[in-house]
Amino acid sequence: MRRTISVIIVTLWLGGSSVFRAQAEVLYDLLCMVDDHEYEWALSSYCGGEDVFGVPFDLQAADDFSIDRPYFITAVIVNYVTWLGECPNRICLSVFLEEDCRASNEAVAYLEDDDNVVCEPFDDGRFGLRGLRIATAPSSPIFLGAGTWFLSCQPFSGDWGYAVAGVGARRCAGGDEFRCGTNYRDGGDYNRCCDGQGSYGHTDWRDDNPSADNLGMSLRIEGIPAGDCVDGEIVSATCKVRDGVRRGRVVVKISGGQPNGTVTALLDPPDPRSMSIALDGSGRGKGKFRGVPLGEHRVFVCDSIVDVPCAP
């Protein structure tokens, strides 16, 4: 569902929020179109709406971005206008391959996260809607290889909202920030996140607005470079704790990697510690996270996830 709108927005950031990671890189950023009052469209991208319409819906909007090397996606922030202004308690992130400027039907990566959701309101008084800047720092970072991808963010709520978008995106970003423009559809059988149902019958991705090729969502994506991943690494991790000590060392070992390459290990998202591990000529390497508290921990290397208990 698209609605043509023209708005004046009061700029608000998630001041001090932990979703903005100092070590992460900004991979895509069109939040500026709200800050600069540049958006003209609102794209349905929500799971829910029963408190507004009496029945639930499942509609998706996705925008494309390109990366030149593998990354862990560690934060996603989207500007929405909503009916009730309710901060959702759960987020669905879905990532799709780009296929001739359309998103693939099936998600190649998706995450339902009910933690680490932060909201900041902004004023959308002209239309009687309530602006929300919604941010999530995934508890399991999404690993993506180099290429062009489409990303969809759907909040779960009885409220209903629209991801804002605009053709002024290139201008507000200071360059060509996107290649294909937005897609939208009913989630339907393809969407593994939502239990709602769409009402328009458009289960194929669409971009049939004349401005679609220039339309970008007010979206920010952050990530940490994953290193020289080759889709074959064997990763193990153990925690060593000395008697009477309340912290340990998590030792990460890698084999089957890129010879003479370097990979990044993350410890305990959503606010991960990161470590670069150099690999030798046979693709083997080892690194240590020191001063790790006792308890359960998770290590991420390329597309591997290892659970590591730390106990005496």
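Keep in mind that what you see is a predicted model, and the values were worked out from it rather than measured.

Trainee: Quick rundown of the overall build of the chain? Include the residues and the values.
Mentor: Scanning the chain from N- to C-terminus turns up three helices and 24 strands. Expressed as a percentage of its 312 residues, the buried residues of the chain come to 54%. Considering only intrachain contacts with a sequence separation of at least 6, the fraction spanning at least 24 residues in the chain is 78%. Of the roughly 13000 Å² that the chain leaves accessible, carbon and sulfur atoms contribute 45%.

Trainee: How would you summarise the sheet that holds strand E19 (residues 247-255) if you had to cite specific residues and measurements?
Mentor: As summarised here, the arrangement of the three strands in space is E18-E19-E22, forming an open sheet in which the pairing is antiparallel. If you trace the sheet from one side to the other, it starts and ends with strand E18 (234-240) and strand E22 (285-293), each paired once. On average, each strand axis in the sheet is tilted by 20 degrees relative to the strand beside it, whichever way the strands run. Sheet analysis places E18 next to E19, joined by seven bridges and oriented antiparallel. Looking at E19, one finds that Val235 is bridged to Ile254.

Trainee: Give a description of the state of the cysteines that names residues and reports values.
Mentor: Inspection of the entire model under this criterion finds six disulfides. Residue pairing for Cys92: its cysteine sulfur links by disulfide to Cys193, the two sulfurs lying 2.0 Å apart. Handedness of the Cys92-Cys193 disulfide follows from its S-S torsion of about 75 degrees: it is right-handed. One end of the pair, Cys92, is in strand E7 (residues 90-99); the other, Cys193, is in the loop between strand E15 (183-186) and strand E16 (216-217), and 101 residues separate them in sequence.

Trainee: Could you give an account of a positive patch on the surface, with specific residues and numbers?
Mentor: Residues Lys240, Arg242, Arg249, Lys253, Lys286, Lys288 and Arg290 make up a contiguous surface patch of positive charge. Of all the elements, E22 adds the most residues to the positive patch, at three residues. Here Lys288 shows up in strand E22. Take Lys288: its relative accessible area is 33%, and that puts it in the partly exposed class.

Trainee: Mind laying out the environment of Arg246, listing which residues take part and the relevant values?
Mentor: Mapped onto the elements of the fold, Arg246 is located in the loop between E18 and E19. When its relative accessible area of 68% is taken as the criterion, Arg246 is described as exposed. Note: C-alpha distance between Arg246 and Pro293 (47 residues apart in sequence) is 6.4 Å. Sequence-distant contacts of Arg246, that is, excluding residues within four places in its chain, are made with Val292, Pro293 and Leu294.

Trainee: So what's going on with the sheet that holds strand E24 (residues 304-310)? Residues and values would help.
Mentor: Within the open sheet, the four strands sit side by side as E21-E20-E23-E24. Their pairing is antiparallel. Edge positions in the sheet fall to strand E21 (273-278) and E24, since each has one partner strand and no second. When strand polarity is set aside, the average angle formed by the axes of neighbouring strands in this sheet is 25 degrees. Where strand E20 (residues 262-267) meets E21, six bridges bridge the pair, whose relative direction is antiparallel. Paired with Thr264 across the two strands is Ser276, which belongs to E21.

Trainee: How would you explain the confidence of the model for the chain if you had to name every residue and give the values?
Mentor: Mean pLDDT over the chain works out to 85, with 86% of the residues at or above the 70 mark. Within the model, pLDDT remains below 50 along residues 1-22, and this stretch shows 79 contacts once partners closer than five positions in the same chain are excluded.

Trainee: Please provide a residue-by-residue account of the pattern of salt bridges, values included.
Mentor: As enumerated under the stated definition, the model contains seven salt bridges in all. A salt bridge links Arg133 to Asp35; its shortest N-O distance comes to 3.0 Å. Here Arg133 is found in strand E11 (residues 129-136), whereas its partner Asp35 is found in helix H1 (residues 32-35), with 98 residues between them in sequence. Here Glu112 makes a salt bridge to Arg90, at a shortest N to O gap of 2.5 Å.

Trainee: Tell me what's going on with unusual backbone geometry, and back it up with residues and numbers.
Mentor: The residue after Pro269, namely Pro270, is reached through a cis peptide bond having omega 15 degrees. Topologically, Pro270 is positioned in the loop between E20 and E21. Positive phi values are uncommon outside glycine, yet Asp268 reaches one of about 60 degrees. Mapping Asp268 onto the fold places it in the loop between E20 and E21. Its identity as a non-glycine residue notwithstanding, Cys302 has a phi of 50 degrees, on the positive side. Along the chain, Cys302 turns up in the loop between strand E23 (295-301) and E24. What makes Cys302 buried here is its relative accessible area of 3%.

Basis of the calculations
Throughout this document, residue positions are counted from 1 along each chain, in the order its sequence is written. Where totals are concerned, whole chains, interfaces and linings use all residues; where local detail is concerned, this predicted model gives features only for residues with pLDDT of at least 70, and gives and counts side-chain atom pairs only at 80 or more. Each side-chain value is derived from all of the structure's non-hydrogen atoms; neither hydrogens nor water enter the calculation. The helix count covers DSSP runs of H or I at least four residues long, the strand count covers runs of E at least two residues long, and both are numbered beginning at the N terminus. The buried label applies to any residue whose accessible area, calculated with a 1.4 Å probe on protein chains only, is under 20% of its type's maximum; exposed applies above 50%, and partly exposed to all values in between. Contacts between residues were defined by any pair of non-hydrogen atoms, one from each residue, lying within 4.5 Å. Calculation of accessible area relied on Shrake-Rupley with a 1.4 Å probe; when residues are assessed, cover is drawn exclusively from the protein chains displayed. Here, a strand pair is defined by DSSP locating no fewer than two bridges between the strands. A fitted line through C-alpha atoms represents every axis, and for helices the fit uses only the stretch in contact; the resulting angles, taken between N-to-C directions, go from 0 to 180 degrees. Pairs of cysteine sulfur atoms within 2.5 Å are identified as disulfides in what follows. Residues forming no salt bridge and having over 30% relative accessible area are the ones grouped into patches, like charges within 9 Å of each other and nonpolar side chains (Val, Leu, Ile, Met, Phe, Trp, Tyr) within 5 Å. What counts as a salt bridge is simple: a side-chain nitrogen of Lys or Arg found within 4 Å of a carboxyl oxygen of Asp or Glu. Counting rule applied: Lys, Arg positive; Asp, Glu negative; His and chain ends not counted. The location of each charge is read from NZ of Lys, CZ of Arg, CG of Asp or CD of Glu. The predictor's confidence in any single residue is recorded as pLDDT, a number from 0 to 100.

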